[in-house]
Amino acid sequence: MTTLLVRHRITDLDAWRSLHHGLAALRSAHGCTGARSFHQADEPGAGAIALEFPTLAQARAFLADPALRAAISVPGLAPTELVLLDPVDPPTPARKAVLLVGFEPRVVDFSDYPGLDEAKLRAGLAASLAATTAAGFDAEWCLVTTDWSEVDAAVRARLVARDYAAVMIGAGIRTAPAHLVLFERLIDLIHALAPGARLCFSTSPDSAAAAVLRWVQP
């Protein structure tokens with residue numbers, strides 16, 4: 001396994017994301033098995049993409065592809081560093097990735113949920129993430145607003161970045177009549193971009209782990 005680390009100086013985050021997503025088919029054609037994007041924690045204007053290839057030859061072929069060279073020659077998007085990394089130690093077994101999708105607490109109308117407030121919801125979301133991780137999964141939240149264009153962009157970016165064994169949709173999205181169309185659109189998006197992922201649904205802010213474990217084992 002070879003990792004290609006591509007570092008960028010980010011001047012336009014949306015353009016950088018668009019470039020990353022637009023190269024998905026080209027990466028796959030060269031055998032890329034995984035792609036993750038990162039912000040540099042101590043320098044917000046810097047980012048990196050880690051691409052996994054089964055062999056060094058495949059990674060080099062990807063780098064030499066004229067289509068890649070054309071795509072990254074756009075001013076402001078050219079990489080600042082390209083590094084090919086071969087592992088020193090055998091990889092540890094990868095945890096199955098799980099995406100948890102729920103509403104960002106600040107957009108929730110708590111008048112519909114007696115006894116629940118923003119602090120309790122945030123605590124429940126944190127508990128769900130901790131429990132799903134403790135169950136043996138590589139879990140992450142994707143918290144969204146009620147604006148479909150924003151939901152589509154946020155969830156789409158996660159689904160094209162890696163393969164998920166399961167996608168869990170929170171009860172706030174699934175059960176509220178006002179969000180029925182958003183829920184349907186979300187299901188269609190997941191079906192189109194992650195057809196191999198199991199769909200599961202929580203019944204409360206802190207029940208994501210139980211929902212995932214009904215359908216997927218670590």
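In case you missed it, the structure is sitting above this.
Residues numbered from 1 in each chain as written. Predicted model: local features only at pLDDT ≥ 70, side-chain atom pairs only at ≥ 80, totals over all residues. Heavy atoms only, no water.

Draft legend 1. Summary view of the packing of helix 6 (residues 148-161) against helix 8 (residues 180-193). As a packed pair, helix 6 and helix 8 sit with axes 10 Å apart at the nearest point and diverge in direction by 25 degrees. Taken together, the axes of helix 6 and helix 8 lie roughly parallel to each other. Considering how the two elements wind past one another, helix 6 and helix 8 form a crossing that is right-handed. Facing W148, V151, D152, V155, R156, L159 and V160 of helix 6, the residues of helix 8 in contact are L182, R185, L186, L189, I190 and L193. In terms of residue class, the contact of helix 6 with helix 8 is made up of 10 nonpolar, no polar and three charged. (Axes fitted to C-alpha atoms, helices over the stretch in contact; angles between N-to-C directions. Helix = DSSP H or I, 4+ residues; strand = E, 2+ residues; numbered from the N terminus. Parallel < 35°, antiparallel > 145°, perpendicular 65-115°, else oblique. Left-handed = near helix turned anticlockwise from the far one by under 90°. Contact = heavy atoms within 4.5 Å. Nonpolar A, V, L, I, M, F, W, Y, C, P; charged D, E, K, R; others polar.)

Draft legend 2. How the structure looks around the sheet that holds strand 4 (residues 81-85). One open sheet accounts for four strands, arranged 2-3-1-4; its pairing is antiparallel. In the strand order of this sheet, the two ends are held by strand 2 (34-40) and strand 4, each with one partner. Each adjacent strand pair in this sheet contributes to an overall mean axis angle of 20 degrees, direction not counted. Relative to strand 3 (residues 43-53), strand 1 (residues 2-9) runs antiparallel, the two being bridged by eight bridges. Its bridge partner being in strand 3, R9 is matched across the sheet by A46. (Pairing = 2+ DSSP bridges.)

Draft legend 3. Quick look at helix 8. With 14 residues, helix 8 extends 20 Å from end C-alpha to end C-alpha; this agrees with the ideal 20 Å at 1.5 Å per step. Buried within helix 8 are the following residues: L182, F183, L186, L189 and I190. Seen end-on, helix 8 carries its buried residues on one side only, within an arc spanning 125 degrees. Counted as exposed and oriented over 90 degrees from the buried face of helix 8: D188, H191 and A192. In this structure, the buried side of helix 8 is in contact with strand 5 (97-103), helix 6, strand 7 (166-169), helix 7 (171-175) and strand 8 (198-201). (Expected span 1.5 Å × (residues − 1). Buried < 20%, exposed > 50% of the residue type's maximum accessible area, 1.4 Å probe, protein only. Arc of directions from axis to C-beta.)

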